[in-house]
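Okay, here's what each chain looks like letter by letter:
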Amino acid sequence: MRDAVIVDAVRTPIGRRGGALSDTHPVDLSAHVLGALAERVGFDPAIVDDVIWGCVSQVSEQAGIVSRSAVFAAGWPESVPATTVNRACGSSQQAVSFAAAAVIAGQADIAVAGGVESMSRVPMGSAVRTPGENYPQEVLDRFGVGGFSQGIGAEMIADKWGFTRTRLDEFALRSHELSAAATDAGVFAKQIAPLAGLTTDEGIRRGGTVESLARLKTVFKEDGVIHAGNSSQISDGAGALLVTTSEKAAEQGWTPIVRVHTAVVAADDPVVMLTGPIPATEKALKRSGLSIDDIGAFEINEAFAPVPLAWLAETGAKADRLNPLGGAIGVGHPLGGSGAILMTRLVHHMRDSGIRYGLQSMCEAGGMANATILELL
């Protein structure tokens, strides 16, 4: 029976908006990790059956098939096809799921999955001229809203679960502190392909306090709790993973790191929007036959601090297993690249720490969420 394994995973450092990676075209960000992956594993790109790439704002420099352009920019043969997928923030996690499904089904033997977003060069929302224009009135009427807002959704989660601003800010500080500690310990060094002089994630802020975060103005509600300090950072970055079968890996002389054990997608309330990881985790655990305590590490994307905190409250997972190396509040969230970047972090953390099972989930626009369980080999 065919399976899906990840042989290696690599990512760029995550750059701040307007920072070190802002002068790099998103095609070149993508090409950089494609080239780094081929060099690390030592494969001839001509053997790749498909490149499956996540990208959210597919306009301007990310328009067209950014993945196919990246294949050319990386110097890979014209014979290597590519496609670009969009499941909002989970786009490149979905790319890994599609790659895994393709190799299990026998539609491909070797695939590269990943994603990119240059939010400096292609700002979030660039594909929409007027807020709300991508929803017909009947959709808005169905849910009784004038539009859908992730920020308001985060406020709704904080209110429903009773998270104070102080609690959210404490979690945000944890993200920066863990990200800084992991960086200082060299944890990310093996997974990062330096670019534009940047060797570590650029968004980490050190020395913050609850008092300093308390001075930041809330963004979505005047009397709310969500502000820039407890939200994910706008960022630039890309990641890539080599996906194949155990049999094909053995033929090539590769030693895979993990097996894709279970991959699901779920959906929840599109107004609150950000609670999808809760049912997605439940679905993944049910399908896998595993319990929450079987999972040794969780990567739950920190779009806003209430998201992983609500997930933690509902799943009963052990808090010290949640985002043990920090998350998007500390290092950034380059939309279409985040799923691949998070999975790269998870894959390497599982190997470094001898963790048998890891689970990743990301909230996505429309109330959706991917959840993927990996098993260490």
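Here, the structure is the one placed above.
Right, let's walk through the structure included here.

Rules and cut-offs
- Residues numbered from 1 in each chain as written.
- Predicted model: local features only at pLDDT ≥ 70, side-chain atom pairs only at ≥ 80, totals over all residues.
- Heavy atoms only, no water.
- Helix = DSSP H or I, 4+ residues; strand = E, 2+ residues; numbered from the N terminus.
- Expected span 1.5 Å × (residues − 1).
- Buried < 20%, exposed > 50% of the residue type's maximum accessible area, 1.4 Å probe, protein only.
- Contact = heavy atoms within 4.5 Å.
- Core = buried A, V, L, I, M, F, W, Y, C linked by side-chain atoms within 4.5 Å.
- Polar contact = N/O pair within 3.5 Å; in protein donor to acceptor, adjacent residues only side chain to side chain.
- Axes fitted to C-alpha atoms, helices over the stretch in contact; angles between N-to-C directions.
- Parallel < 35°, antiparallel > 145°, perpendicular 65-115°, else oblique.
- Nonpolar A, V, L, I, M, F, W, Y, C, P; charged D, E, K, R; others polar.
- Salt bridge = Lys/Arg side-chain N within 4 Å of Asp/Glu carboxyl O.

**Concerning helix α6 (residues 165-184)**
For α6, with 20 residues, the first-to-last C-alpha span of 29 Å sits near the 28 Å given by 1.5 Å per residue. Those residues of α6 that sit buried are R165, L168, D169, F171, A172, L173, S175, H176, S179, A180, A182 and T183. Each element contacted by the buried residues of α6 is listed here: α5 (150-161), α7 (210-214), α10 (306-315) and α11 (328-331). Looking at the residues trailing α6, positive phi occurs at G186, about 75°.

**Observations regarding the nonpolar core**
The biggest cluster of nonpolar side chains holds 46 residues, and the ones touching the most others in it are L168, L274, I295, F298, W311, L359 and I373. Broken down by secondary-structure element, the contributors of at least two residues to this core are α5, α6, β7 (258-267), α9 (277-288), β8 (297-300), α10, β9 (357-364) and β10 (368-376). Those residues in contact with W311 that lie beyond four places of it in its chain are P277, I278, T281, I292, F298, I300, A317 and L322. Judged by nonpolar contacts, the second largest core, of 33 residues, contains L37, V48, W53 and L242.

**Some words on the environment of H25**
Counting through the fold element by element, H25 comes out in the loop between β2 (15-16) and α1 (26-41). If near-sequence neighbours (up to four positions away) are discounted, H25 is found in contact with E61 and R121.

**Remarks on the environment of W53**
Here W53 lies in strand β3 (residues 50-54). On a C-alpha basis, the gap between W53 and A154 in space is 28 Å, while along the polypeptide they are 101 residues apart. A distance of 2.9 Å separates polar atoms of two side chains, one belonging to W53 and the other to S30.

**Concerning the packing of helix α3 (residues 91-105) against helix α12 (residues 338-353)**
Across the interface, α3 lies against α12 with an axial gap of 5 Å and an inter-helix angle of 70°. One finds that α3 runs roughly perpendicular with respect to α12. Contact residues: S92, Q93 and V96 in α3; S338, G339, A340 and M343 in α12. The residue inventory of the contact of α3 with α12, partitioned by class, reads 3 nonpolar, 4 polar and no charged.

**Digging into unusual backbone geometry**
Although it is not a glycine, N323 adopts a positive phi angle of roughly 45°. Take N323: it is sitting in the loop between α10 and α11. Classification of N323 as buried rests on a relative accessible area of 0%. Of note in the backbone geometry, L335 takes a positive phi value of approximately 20° without being a glycine. Looking at the secondary structure, you find L335 in the loop between α11 and α12.

**Focus on the packing of α6 against α10**
Following both chains from N to C, one finds α6 and α10 inclined at 100°, their axes separated by 10 Å at the closest point. Taken as axis vectors, α6 and α10 run roughly perpendicular relative to one another. On α10, the residues that touch R167, L168 and F171 of α6 are P306, P308 and L309.

**Digging into the pattern of salt bridges**
Side chains that differ in sign of charge can pair as their charged atoms come close. Inspection of every chain in the model, using the stated rule, returns 13 salt bridges. Among the ionic pairs, D8 bridges to R40, the shortest N-O distance being 3.4 Å. With D8 in strand β1 (residues 5-11) and R40 in helix α1, this pair connects stretches of sequence that are 32 residues apart. Measuring nitrogen to oxygen at the nearest pair gives 3.6 Å for the salt bridge that ties D169 to R165. Taken together, the residues span about one helical turn, with D169 and R165 both in helix α6 at a distance of 4 residues.

Scope: geometric values only; no functional claims are made or implied.
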